[in-house]
2 protein chains.
Amino acid sequence: MADVSQQQEQQPANIKPRQLYTIWLSPFARKIIVQMEEKKLPYTLVQERIWERRPAFMAMNPAGQVPVLVEPDGQVICHSSSIAEYLEETETAVSLLGNTPYQRAETRRLVAWFDQKFQLEVTRNLLDEKIFKRLMRQAEPNSATLRAGLQNIHYHLDYIGYLTEQRNWLAGETFSLADITAAAHLSSLDYLGDVPWADHMAAKTWYARVKSRPSFRPILAERMPSLPPSAHYLNLDF
Amino acid sequence: MADVSQQQEQQPANIKPRQLYTIWLSPFARKIIVQMEEKKLPYTLVQERIWERRPAFMAMNPAGQVPVLVEPDGQVICHSSSIAEYLEETETAVSLLGNTPYQRAETRRLVAWFDQKFQLEVTRNLLDEKIFKRLMRQAEPNSATLRAGLQNIHYHLDYIGYLTEQRNWLAGETFSLADITAAAHLSSLDYLGDVPWADHMAAKTWYARVKSRPSFRPILAERMPSLPPSAHYLNLDF
C-alpha cells in the first residue's frame, strides 16, 4: 500500500485527491490501485474493515464491498468493474483496455475470467477461506475448500502460460487490465505462499514481468497486520 | 426466443447476421437478447447445450459458457459483460449505459449487482440448482440451497422497490442495462414461478413496465422443452 501521507504530499494543498476504500489483500482493490498507478493518478487509500459493516460505509456502498472510489467532488463509485471502466473513460492518457472494440472485448473477457471464474474457483477457496472467513465470521478454514483451491489454480496458471505463448501480454501485444486483474488475484495468493510457480514456468515468467513494473510497488509494499508475506513475495527474482 | 427463420428473413440475403449462442433460461444470454432488441439489431440465436462441452464451442469460449456472440466477419466475443460493452461501443444509436461517466458507473454498478451478487445469492440457488444441475451433473436439487435462494430473493426485491421509489428506472431517469440485467434474472426465475411478487408491489410494478416493452417479447416467447412456464409468466397483468 502506498504511504498515505506521502501520497497526500504529492498533491497541491488545495486539491483533495480521490480516495480509494480498500482492505488488505483484496484483489479487486489491488486491481484499481495498479490501474491508477499505471495512469499516474494521485490517490489516497482508506482501510475499511468491511466485516464491521460501518453504517456510513454501507450508505456509500450497500453491497458492503471494497473497492469504493470517492472523487474529489464527493461522487461515489462502487464495484471494481464499474470503477475500472470509469477510470478508462475519464483518464485517457494511458489506455489499459486496448485500441479497437475487438481488442477491448478480449481484455474485458479476461478481466471477467479472473474476477469471476478464477475468483470462484481459486481466490474464494484460498484467500477468502483463510483470511476473510476468519475476520468476518470468526470461523476456521475448511480443508476440503482449501484443497479445491490449490487444485484449481493449476488450470488457470496453465491458461496464463498458454496465452503468453501466443501473445506478448495476456490480452494481446500491449499490457492491459487483463494482466493487472490476473496479477492482482495472484499477488494476494502469493502473499499467502499459495501459488505453485515452480510447476508453471511460463506463468512465472509473465508474473515476474508484471511484478517488476513500478505500478506494482504499492502491492508489494502492502503488509497485513500480524501476517507477514511469504518468503519470496517481494523478490523480483523468485 | 425469437424464431430463427423469421429473424433470418428480416436480413438482406447477402448479409449474414450476427449469431448469439444461448441456452434456455440463461439470464446472461437474455440480457444480450433484450439489449439487441432495444437497439433493433438483427440476429439469429443458436441453442448450445453447454453441458456437452462440444469441442468446437469450447474452442470459441474456453470458459464453456453462454452467451457467445459471433459477428458477421467471424469474430467471436465471449462473456456477457464483454458483449454488452462491445454492443454499446459499436451500436450507438440507442444508449443503454447513460450519458455521463457517473451515470454509466451507476448503471454498471447495478449490472454487476445483479449479474454477480444476485446471481450468487439467488439465481444460482434456484435456477442453477433446479435446471442446470440436473442437465449438467444429473444431480437432484438440494433443499437447503433452494431455501436459501427463496429467502435471499426478498432482500433484492426490496432493493428494486427502494431504487424505483427514488428514480424512474433502476439506475436513473432512463431505461438502462441495469433494468435489463435485473429483469433478465427475474424473468428466468419467474418462468419457474419462484418470484414472490405479491410481497413486493413496487418491484412488481417496475417489472410489469419492463415486461410490456417490445424488446421483452422474445424472452416471454421462450419455452424450455418439457418444462412449461409458470401460469402468470406471459401475463402482462400478473
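Residues numbered from 1 in each chain as written. Chains lettered and ligands numbered in written order. Predicted model: local features only at pLDDT ≥ 70, side-chain atom pairs only at ≥ 80, totals over all residues. Heavy atoms only, no water.

Enquirer: So, the pairing of strand β1 (residues 18–22) of chain B: which residues are in play, and what are the values?
Expert: Residues and elements named next belong to chain B. Taken across its five residues, β1 has four buried, putting it largely inside the fold. Two elements, β1 and strand β2 (residues 43–47), share five bridges in a ladder whose sense is parallel. Bridge pairing links R18 to Y43 in β2. In this fold, β1 hands off to helix α2 (residues 27–38), which returns the chain to β2; that crossover is right-handed. (Buried < 20%, exposed > 50% of the residue type's maximum accessible area, 1.4 Å probe, protein only. Helix = DSSP H or I, 4+ residues; strand = E, 2+ residues; numbered from the N terminus. Pairing = 2+ DSSP bridges. Right-handed = clockwise from strand over helix to strand, strands pointing away.)

Enquirer: Tell me about the packing of helix α2 (residues 27–38) of chain A against helix α4 (residues 80–90) of chain A, and please be specific about residues and values.
Expert: Residue and element names in this part refer to chain A. Remark: α2 packs on α4, axes separated minimally by 10 Å, with the N-to-C direction vectors making an angle of 10°. With respect to α4, the element α2 is oriented roughly parallel. On α4, the residues that touch F28, K31, I32, Q35 and M36 of α2 are S80, S81, I83, A84, L87 and E88. Of the residues assigned to the contact of α2 with α4, the class counts are six nonpolar, three polar and two charged. (Axes fitted to C-alpha atoms, helices over the stretch in contact; angles between N-to-C directions. Parallel < 35°, antiparallel > 145°, perpendicular 65-115°, else oblique. Contact = heavy atoms within 4.5 Å. Nonpolar A, V, L, I, M, F, W, Y, C, P; charged D, E, K, R; others polar.)

Enquirer: Give a description of the interface of chain B and chain A that names residues and reports values.
Expert: If you look at the interface, chain B gives 28 residues, while chain A gives 28 residues. Buried area between chain B and chain A, summed over both chains or domains, comes out near 2,400 Å², and the portion from carbon and sulfur atoms is 58%. The largest share of the area that chain B buries against chain A comes from E89(B), Y102(B) and R108(B), three residues that together contribute 24% of it. For the pair chain B and chain A, the interface holds five salt bridges. At the junction of chain B with chain A, the criterion picks out ten residue pairs in polar contact (both at pLDDT 80 or more). Elements with a contribution of two residues or more to the side of chain B that touches chain A: β4 (76–78), α4 (80–90), α5 (101–137) and α6 (143–166) of chain B. Ranked by the residues each element gives to the side of chain B that touches chain A, the list is headed by α5(B), at twelve residues. (Buried area = accessible area lost by both parts, 1.4 Å probe. Salt bridge = Lys/Arg side-chain N within 4 Å of Asp/Glu carboxyl O. Polar contact = N/O pair within 3.5 Å; in protein donor to acceptor, adjacent residues only side chain to side chain.)

Enquirer: So what's going on with the relation of the copies chain B and chain A? Which residues, and what values?
Expert: With an RMSD of 0.0 Å, the fit of chain B onto chain A corresponds to turning through 180° and sliding 0.0 Å along the axis. What we have between these two chains is a two-fold relation. Rotation axis and chain B: the residue whose C-alpha lies nearest the axis is Q116(B), separated from it by 4.1 Å. Of the interface residues in chain B, 100% have counterparts in chain A that sit at the interface too, so the contact is made through matching surfaces. (Least-squares fit on C-alpha atoms with pLDDT ≥ 70 in both.)

Enquirer: Which residues make up the packing of aromatic side chains, and what values do they have?
Expert: Taken as a whole and judged by the stated rule, the model has 28 aromatic pairs over all chains. Between Y86(A) and Y102(B) the ring centres are 5.6 Å apart and the planes differ by 15°, which places this aromatic pair in the stacked class. A residue pair is termed interchain when its members come from two chains, as with Y86(A) in helix α4 and Y102(B) in helix α5. A residue is classified by how much of its surface remains accessible, and Y86(A), at 5% relative accessible area, is buried. Joined through ring pairs, the aromatic side chains of W197(A), W206(A), Y207(A), F216(A) and F238(A) make up one cluster. (Phe/Tyr/Trp six-rings, centres within 6.5 Å; stacked < 30°, edge-to-face > 60°.)

Enquirer: Explain the sheet that holds strand β3 (residues 68–70) of chain B residue by residue, including any values.
Expert: Residue and element names in this part refer to chain B. On the basis of which strands lie adjacent, the open sheet formed by four strands has the order β2-β1-β3-β4 and mixed pairing. In this open sheet, the two strands that pair with only one neighbour each are β2 and β4. Put simply, the sheet's adjacent strands are angled 20° from each other on average, direction ignored. Alignment of β1 against β3, held across three bridges, turns out to be antiparallel. Its bridge partner lying in β3, L20 is registered against L69. Across the sheet, α4 touches β1, β3 and β4, and the angle it forms with β4 is around 125°.

Enquirer: Provide a residue-level description of unusual backbone geometry, including the pertinent values.
Expert: All names here are of chain A. A cis amide bond links V66 to the next residue, P67, at an omega of 0°. Relative to the helices and strands, P67 is located in the loop between α3 (55–60) and β3 (68–70). Backbone geometry places K40, a non-glycine residue, at a positive phi of 55°. Exposure remark for K40: the relative accessible area of 73% places this residue in the exposed category.

Enquirer: Describe in detail the layout of surface pockets, supporting the description with residues and values.
Expert: The space that makes up the second largest pocket amounts to roughly 350 Å³. Taken together, 16 residues form the lining of the second largest pocket, with M60(A), E106(B), R109(B), Y159(B) and R167(B) sitting closest to its centre. Mapped by element, the contributors of at least two residues to the lining of the second largest pocket are α3 and β4 (76–78) of chain A together with α5 and α6 of chain B. Split by residue class, the lining of the second largest pocket holds eleven nonpolar, two polar and three charged. (1 Å grid on protein atoms, 1.4 Å probe; cavity = no way out; pocket = protein on both sides within 12 Å on 5 of 7 lines; lining within 4 Å. Points joined across faces, edges and corners; volume = space filled by probe spheres on them.)

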